[in-house]
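This is what each chain is made of:
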Amino acid sequence: MNNYSFCVPTDIRFGKGQVACLATEIARFGKKVLMVYGGGSIKKTGLYDQIREVLGEYEVYELSGIEPNPKLSSVRAGAAICKEKGIEAILAVGGGSTIDASKHIACAAFYDGDPWDLVLDRSKAVKALPIFTVLTICATGSEMNPGAVISNEETKEKLEINSPILYPTLSVCDPTYMYTLPRRQTAAGTADIVSHILEQYFQPCDDAYITDRLSEAALKTCFKYGPIALECPENYEARANLMWTSSIALNHLLTFGKGGAWSVHPIEHVLSAYYDITHGEGLAILTPRWMRYVLNDETVHRFAMYARNVWDVDAADDREAALAGIEKTEKWFEEMGLPKTLGEVGIDDSCLDEMAKEAVRTSGISSRAYVKLTQSDVRKIYEMCL
Ligand code: NZQ
Ligand code: ZN
């Protein structure tokens, strides 16, 4: 196992009714709160009223309309409010997009230049407001990690800012808030969790036994409960298991003792930067194709292990087992109603070279990935998805 540092300071309040804790917890940092939320789902579901009631004693300012694939312009608007009103804490109510925008706002509040500078040069992000979150869709793990992915609509870049100062202070994870999620978002969110686990599972390290077994359990949880949540949106057991899986899938627990660059995420991030598609749908299209593309004599043993341990494939031959595992993965995405081709999400072949170049430029995919990929490899994977 590789040397590893593991420190996750986020206080998780999991379960029904936990939101009430915000009445006292935020007050430890101050009374001036910026409440950040998305396009209005929390108003429709009644969560907005519930939270405003809990925040009764606070001086609350609002920033609404955070878009899926959150934009730099929203971050600029949020940072301006923080500076003007002397905000003391941020409360993000929503999913990864709202939480990511809030994280970026939290550090931009202490920076005099343009917030995009902090993405390009992380050393400039030195201080952040405390971040509280109320999670309404499980997918990204942003509620328990130090990353935030922001899209710059002017340059068509979608990049991550990642710093220990961006760990949320406290996250409320109440599975009942996901009862209202549309089928499409449930499916895309679960695909994102699966992808996070796979990105860490398929890394060049074979002796982190404990980490691999935890990852397999997390994958089995998604494959079991994703379809149940889809069919029975108010199944607490399914929502609860998926919610906790999303947090541990991306809080570094499943990369403990391992390491390396991710593969499918950088290829997807360019798609959602160029075409504003749903992140989890892009991952569902790309993942099986990436698996087939990187399956070779060196990787076959890990793909076979994945097939046997996660999908109970019993083929004795490694290659046969590996292919069966990939097929099962692909079928699961299909059963979740996720798209299979780029055409289904409105992407044609017009920018493939440009996007492949960008995926390589903005990531470690060509130098540190499980199987190192060049621009031409990434283009071929895109072609397989058309
Ligand atoms: O905006 P509203 O009206 O709230 O609607 C949202 C949005 O349209 C809706 N929704 C959320 N909770 C709901 C609900 N609708 C009904 N009932 C509820 N309870 O769902 C839609 C999607 O929300 P969003 O926050 O965009 O989803 P997600 O959590 O999947 O976040 C995606 C973003 O996170 C980034 C992605 O690239 C993308 O920009 N990621 C962030 C990561 C991180 N911070 O660690 C890692 C990931 O790999 C990912 O890149
Ligand atoms: Zn993701």
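A brief look at the structure comes next.

Procedures and definitions
- Residues numbered from 1 in each chain as written.
- Chains lettered and ligands numbered in written order.
- Predicted model: local features only at pLDDT ≥ 70, side-chain atom pairs only at ≥ 80, totals over all residues.
- Heavy atoms only, no water.
- Donors = N, O, S within 2.8 Å, 3.2 Å for Na, K, Ca; no water.
- Helix = DSSP H or I, 4+ residues; strand = E, 2+ residues; numbered from the N terminus.
- Buried < 20%, exposed > 50% of the residue type's maximum accessible area, 1.4 Å probe, protein only.
- Core = buried A, V, L, I, M, F, W, Y, C linked by side-chain atoms within 4.5 Å.
- Domains from an automatic or database assignment.
- Contact = heavy atoms within 4.5 Å.
- Near = heavy atom within 4 Å.
- Polar contact = N/O pair within 3.5 Å; in protein donor to acceptor, adjacent residues only side chain to side chain.
- Areas by Shrake-Rupley, 256 points an atom, 1.4 Å probe, with all protein chains shown as cover.
- Nonpolar A, V, L, I, M, F, W, Y, C, P; charged D, E, K, R; others polar.
- Pairing = 2+ DSSP bridges.
- Axes fitted to C-alpha atoms, helices over the stretch in contact; angles between N-to-C directions.
- Parallel < 35°, antiparallel > 145°, perpendicular 65-115°, else oblique.
- Left-handed = near helix turned anticlockwise from the far one by under 90°.

**Section: the coordination of the zinc ion (ligand 2)**
Step number 1: Distances from the zinc ion (ligand 2) to its protein donors, Asp192 (OD), His196 (NE2), His265 (NE2) and His279 (NE2), fall within 2.0 to 2.2 Å.
Step number 2: Along the chain, the residues donating to the zinc ion (ligand 2) are arranged with the sequence spacing D-x3-H-x68-H-x13-H. Here His265 lies in helix α10 (residues 264-275) and His196 lies in helix α7 (residues 183-201), a separation of 69 residues in the sequence. The same class applies to His196 as to His265, namely buried.

**Topic: the nonpolar core**
Soluble globular proteins tend to bury their nonpolar side chains together.
Step number 1: One finds Trp290, Phe303, Tyr306 and Tyr382 to be the most contacted residues of the largest nonpolar core, which totals 78 residues.
Step number 2: Per-element accounting of this core gives the leading share, 8 residues, to α7.
Step number 3: Lining this core are residues from two domains, each supplying at least three of them: domain 1 (11-177) and domain 2 (181-385).
Step number 4: Sequence-distant contacts of Tyr382, defined by excluding residues within four places in its chain, comprise Ile267, Val270, Leu271, Leu286, Leu342, Leu352, Met355, Ala356 and Ala359.
Step number 5: In this structure, Cys82, Ala101, Ala108 and Ile131 belong to the second largest nonpolar core, which totals 29 residues.

**Let's talk about the site of ligand 1**
Step number 1: The immediate surroundings of ligand 1 are formed by 31 residues, with Gly39, Ser41, Gly96, Ser97 and Lys158 found nearest.
Step number 2: Asp100 places a polar side-chain atom, nitrogen or oxygen, 2.8 Å from a nitrogen atom of ligand 1.
Step number 3: Within the contact set of ligand 1, a nitrogen atom lies 3.3 Å away from a side-chain nitrogen or oxygen of Ser142.
Step number 4: In isolation ligand 1 exposes 970 Å². Once the protein is present, 88% of that is buried.
Step number 5: Going through the elements one at a time, α5 (96-108), β6 (147-152), α7 and α10 are the ones with two or more residues in the shell around ligand 1.
Step number 6: Taken together, the residues of the shell around ligand 1 sort by class into 9 nonpolar, 19 polar and 3 charged.
Step number 7: Residue contributions to the shell around ligand 1 reach at least three from each of two domains, namely domain 1 (11-177) and domain 2 (181-385).

**Here's the deal with the sheet that holds strand β1 (residues 11-14)**
Step number 1: Here we have 6 strands laid out as an open sheet, ordered β1-β8-β5-β4-β2-β3, and parallel in their pairing. Edge strands, defined here as strands with exactly one partner in the open sheet, are β1 and β3 (59-63). Between one strand axis and the next, the sheet turns by 20° as a mean value, whatever way the strands run.
Step number 2: Looking at chain direction, strand β4 (residues 89-94) and strand β5 (residues 131-135) are connected through 5 bridges and run parallel. If you follow Val93 over to β5, its bridge partner there is Val134.
Step number 3: Against the sheet, α5 touches β2 (32-37), β3, β4 and β5, its axis set at about 165° to β4.
Step number 4: Strand contacts of helix α9 (residues 236-249): β1, β5 and β8 (170-173), with the helix running at about 175° to β1, the strand carrying the most contacts.

**Here's the deal with the packing of α7 against helix α8 (residues 209-231)**
Step number 1: Running from amino to carboxyl end, α7 crosses α8 at an angle of 170°, the nearest separation of the two axes being 10 Å. Accordingly, the angle class assigned to the pair α7 and α8 is roughly antiparallel. Within the contact between the two elements, α7 uses Arg183, Thr186, Ala187, Thr190, Ile193, Val194, Ile197, Leu198 and Tyr201 and α8 uses Asp212, Arg213, Ser215, Glu216, Ala218, Leu219, Cys222, Phe223, Gly226, Ala229, Leu230 and Glu231.
Step number 2: Classifying every residue of the contact of α7 with α8 gives 12 nonpolar, 4 polar and 5 charged.

**Some words on the packing of helix α11 (residues 279-294) against helix α15 (residues 375-385)**
Step number 1: Where α11 meets α15, the closest approach of the two axes is 9 Å, and the angle between their N-to-C directions is 125°. Taken as axis vectors, α11 and α15 run oblique relative to one another. Considering the relative orientation of α11 and α15, their crossing is right-handed. Residues Ile285, Leu286, Arg289, Trp290, Arg292 and Tyr293 of α11 pack against Asp377, Lys380, Ile381, Tyr382, Met384 and Cys385 of α15.
Step number 2: Within the contact of α11 with α15, the residues separate by chemical class into 8 nonpolar, no polar and 4 charged.

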